[in-house]
Amino acid sequence: MAGRGYRTEAVVLRSLRFGEADRILHLYTHDRGRVSAIAKGVRRARSRFGGRLEPFFRLRIELHEGRGELLTVTGAQTVEGHVGLRGDARALDAAARACDAVGRLFETSEPHPGVFNLLCRKLYLLDQHPASATRAAALAFRLKLLLAAGLAPQLGACAECGEREHLVGFSGAAGGVVCGACEGASFPLGEEAYRFMTGALGRALTEAPDASDRALGQVERAISATLEHHAHLRLIPAVGRLG
Ligand SMILES: [Zn+2]
């Protein structure tokens, strides 16, 4: 084949049926950010790839660059299959939402190894502790993604005037918390939501704080407002309705 090949680690974000026996994969790679690749013949019973080109697999992968944007998968070995999370509906749903958020926020081939590592840690955590599939954990993950994307909300002082006291609201347009005098275009952000955001940004995923539903609702709204204003992006809700 003409063109060039390279190897990198990758997480399968999505895997779509294509044609008779192929799959199109959306991959988040360590070295090349988000890429799409075709895996030929993968749906045949005797494919050399086996079942490993499925969502949430962490792979050591060989990709071949042709003329178009679509790469071709020429080899794949499993690093982590994440069997544990596949047996738990909530963990599976949380993994899908985590992968979706990464794919939307980091949709180019610009490499962000930190994002790759964060996604791997998130999937590992869901795999080892399916009960960690909480809304708080999902929002802590999203806050860390915002930080990696350079979109972390300003939390230390009013994003409009710099005031450090009486921070009562959040403004997506201003990019952070705002004080009582600047609260015009903001919505209320309580003390508990504020503490959750600073805690989640300052700690490891495994030590993410928890908060009440009310506070988490404010946090999710703050994340959404930040993304809409600064990235023109809307994410699916952090958790689904699985009962
Ligand atoms: Zn202010």
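Below or above, wherever it landed, is the structure these notes cover. (Residues numbered from 1 in each chain as written. Predicted model: local features only at pLDDT ≥ 70, side-chain atom pairs only at ≥ 80, totals over all residues. Heavy atoms only, no water.)

## Brief notes about the packing of aromatic side chains
Selection criterion: Pairing of aromatic rings covers Phe, Tyr and Trp, the last counted by its six-membered ring, and requires centre-to-centre distances within 6.5 Å; plane angles under 30 degrees mean stacked, over 60 mean edge-to-face, and any other angle means tilted. Think of it this way: any DSSP run of H or I at least four residues long counts as a helix, any run of E at least two long counts as a strand, and we number them from the N terminus. Residue exposure (1.4 Å probe, protein chains only): buried if accessible area is under 20% of the type maximum, exposed if over 50%, otherwise partly exposed.
Summed over the entire model, instances satisfying the criterion amount to 1 aromatic pair. On the numbers, 5.9 Å between centres and 40° between planes, the contact of F170 with F187 is tilted. In this pair, F170 sits in strand β6 (residues 167-171) while F187 sits in strand β8 (residues 187-188), placing the two residues 17 residues apart along the sequence. Exposure class is identical for F170 and F187. Each is buried.

## Focus: the sheet that holds strand β5 (residues 71-80)
Rule in force here: Two strands qualify as a pair provided DSSP detects at least 2 bridges between them. To obtain each axis, a line is fitted to C-alpha atoms, and for helices this fit is confined to the stretch in contact; angles are then taken between N-to-C directions over 0 to 180 degrees.
With mixed pairing, the 5 strands of this closed barrel are ordered in space as β1-β2-β3-β5-β4. Within this sheet the neighbouring strands show an average axis-to-axis angle of 50°, counted without direction. Inspection of the sheet shows strand β1 (residues 4-18) paired to strand β4 (residues 58-65) by 8 bridges, in the antiparallel sense. Of the residues in β4, the one forming a bridge with A10 is L59.

## Examining the pairing of strand β2 (residues 22-29)
With 8 of 8 residues buried, β2 is to be regarded as a mostly interior element. The side-chain alternation of β2 yields two buried faces, one formed by D22, I24, H26 and Y28 and the other by R23, L25, L27 and T29. Note: β1 against β2, 8 bridges, orientation antiparallel. Looking at β2, one finds that R14 is bridged to H26. Between β1 and β2, which pair antiparallel in sequence order, lie 3 residues; one of them, G19, sits at a positive phi of approximately 60°. Examined bridge by bridge, β2 and strand β3 (residues 33-39) share 7 bridges and lie antiparallel to one another. The partner of Y28 across the bridge, within β3, is R34. Joining the antiparallel neighbours β2 and β3 is a turn of 3 residues.

## Comments concerning the side chain of R23
Quick note on the threshold: Any pair of N or O atoms that falls within 3.5 Å is considered a polar contact. Within protein, one atom must be able to donate a hydrogen and the other to accept it, and sequence-neighbouring residues count only if both atoms are side-chain atoms. For this analysis, residues touch if any pair of their heavy atoms sits within 4.5 Å.
Examined against the element boundaries, R23 turns out to sit in strand β2. Of the residues examined, R23 reaches a relative accessible area of 11% and is grouped as buried. Of note is the side chain of R23, whose polar atom sits 3.1 Å from the side chain of S15. Ignoring sequence-local partners within four residues, the contact set of R23 consists of S15, L16, R17, F18, A37, I38, A39, V42, R43, L53 and E54.

## A closer look at the pattern of salt bridges
As a reminder, the rule being used: Within this document, salt bridges are pairs made up of a side-chain nitrogen of Lys or Arg and a carboxyl oxygen of Asp or Glu, the two lying within 4 Å of each other.
For the structure shown, the criterion picks out 11 salt bridges. Among the ionic pairs, R97 bridges to D93, the shortest N-O distance being 2.7 Å. Highlighted residues: R97 and D93, both in helix α2 (residues 89-105), separated by 4 residues, approximately one helical turn. Using a relative accessible area of 15% as the deciding quantity, one classes R97 as buried. One network of salt bridges, in which partners are shared, links R4, R32 and E65.

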